[in-house]
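Per-entry structural report
Read off the chains here:
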Amino acid sequence: MSKRKNNTYSKEFKEKAVRLYLDGDESYQSLCDKLGIRDKRQLRNWVAKAQEGESLDDMRGKHTGTRKGRPRTKFDSIEEELAYVKAERDYLKKLYRSRFGKEWGADD
């Protein structure tokens, strides 16, 4: 069993590959074979990004400014934490109401 190697390509290499594809008449596969790119989907993604005006920089591990994952769980004051917990409770009540058409704890 062979180990899969993750290749990283420089921005200049990606731009050159995109330019060769757009200026030439070669298929994705033949150009990938020439340049040593493992999968033609990679080149196709670069071409699509270039045509949409997006950057070809490698953004793995870069901070994008948007927070994902778990919400903040450390608070500066007890009042701040209480407001957070109340908002969380209200959200869950609203979600329950929209799913089941009745208030939480209401008898059938």
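My aim in this report is to walk through the structure given alongside it, one point at a time. (Residues numbered from 1 in each chain as written. Predicted model: local features only at pLDDT ≥ 70, side-chain atom pairs only at ≥ 80, totals over all residues. Heavy atoms only, no water.)

1. A few points about the overall build of the protein chain
- Summing up its helical and strand segments, the protein chain has four helices and zero strands in all.
- When the helices and strands of the protein chain are listed from N to C terminus, the series reads α-α-α-α.
- Of the contacts made within the protein chain by residues no fewer than 6 positions apart, 45% connect residues no fewer than 24 positions apart.
- Total accessible area on the protein chain is roughly 9700 Å²; 49% of this is exposed by carbon and sulfur atoms. (Helix = DSSP H or I, 4+ residues; strand = E, 2+ residues; numbered from the N terminus. Contact = heavy atoms within 4.5 Å. Areas by Shrake-Rupley, 256 points an atom, 1.4 Å probe, with all protein chains shown as cover.)

2. Structural notes on the pattern of salt bridges
- This structure, assessed with the given rule, holds four salt bridges.
- Taking the shortest distance from any N to any O, the salt bridge between Glu26 and Lys34 comes out at 3.1 Å.
- Since its relative accessible area comes to 62%, Lys34 is described here as exposed.
- Taking the shortest distance from any N to any O, the salt bridge between Asp90 and Arg89 comes out at 3.0 Å.
- Judged by relative accessible area, Arg89 falls into the partly exposed class, the value being 42%. (Salt bridge = Lys/Arg side-chain N within 4 Å of Asp/Glu carboxyl O. Buried < 20%, exposed > 50% of the residue type's maximum accessible area, 1.4 Å probe, protein only.)

3. A word on the environment of Ser27
- Counting through the fold element by element, Ser27 comes out in the loop between α1 (11–23) and α2 (28–35).
- We classify Ser27 as partly exposed; its relative accessible area is 40%.
- Each C-alpha atom of the pair Ser27 and Lys40 lies 9.1 Å from the other, and the pair is 13 residues apart in sequence.
- Of the polar contacts made by the side chain of Ser27, one reaches the backbone nitrogen of Ser30; its length is 3.1 Å. (Polar contact = N/O pair within 3.5 Å; in protein donor to acceptor, adjacent residues only side chain to side chain.)

4. Here's the deal with the nonpolar core
- Of all hydrophobic cores here, the largest spans 11 residues; its members are Tyr9, Ala17, Val18, Tyr28, Leu31, Cys32, Ile37, Leu43, Trp46, Val47 and Leu56.
- Those elements that place two or more of their residues in this core are α1, α2 and α3 (40–51).
- The residues touching Val47, leaving out its near neighbours within four places in the chain, are Val18, Tyr21, Leu22 and Tyr28. (Core = buried A, V, L, I, M, F, W, Y, C linked by side-chain atoms within 4.5 Å.)

5. Re the packing of α1 against α2
- Two numbers describe how α1 lies on α2: the axes approach to 11 Å, and their chain directions differ by 140°. The pairing of α1 with α2 is recorded here as oblique in orientation. Considering how the two elements wind past one another, α1 and α2 form a crossing that is right-handed. On the side of α1, the interface is formed by Phe13, Ala17, Leu20 and Tyr21, while α2 contributes Tyr28, Leu31 and Leu35.
- The residue makeup of the contact of α1 with α2, split by class, is seven nonpolar, no polar and no charged. (Axes fitted to C-alpha atoms, helices over the stretch in contact; angles between N-to-C directions. Parallel < 35°, antiparallel > 145°, perpendicular 65-115°, else oblique. Left-handed = near helix turned anticlockwise from the far one by under 90°. Nonpolar A, V, L, I, M, F, W, Y, C, P; charged D, E, K, R; others polar.)

Nothing here speaks to function; it is all geometry.
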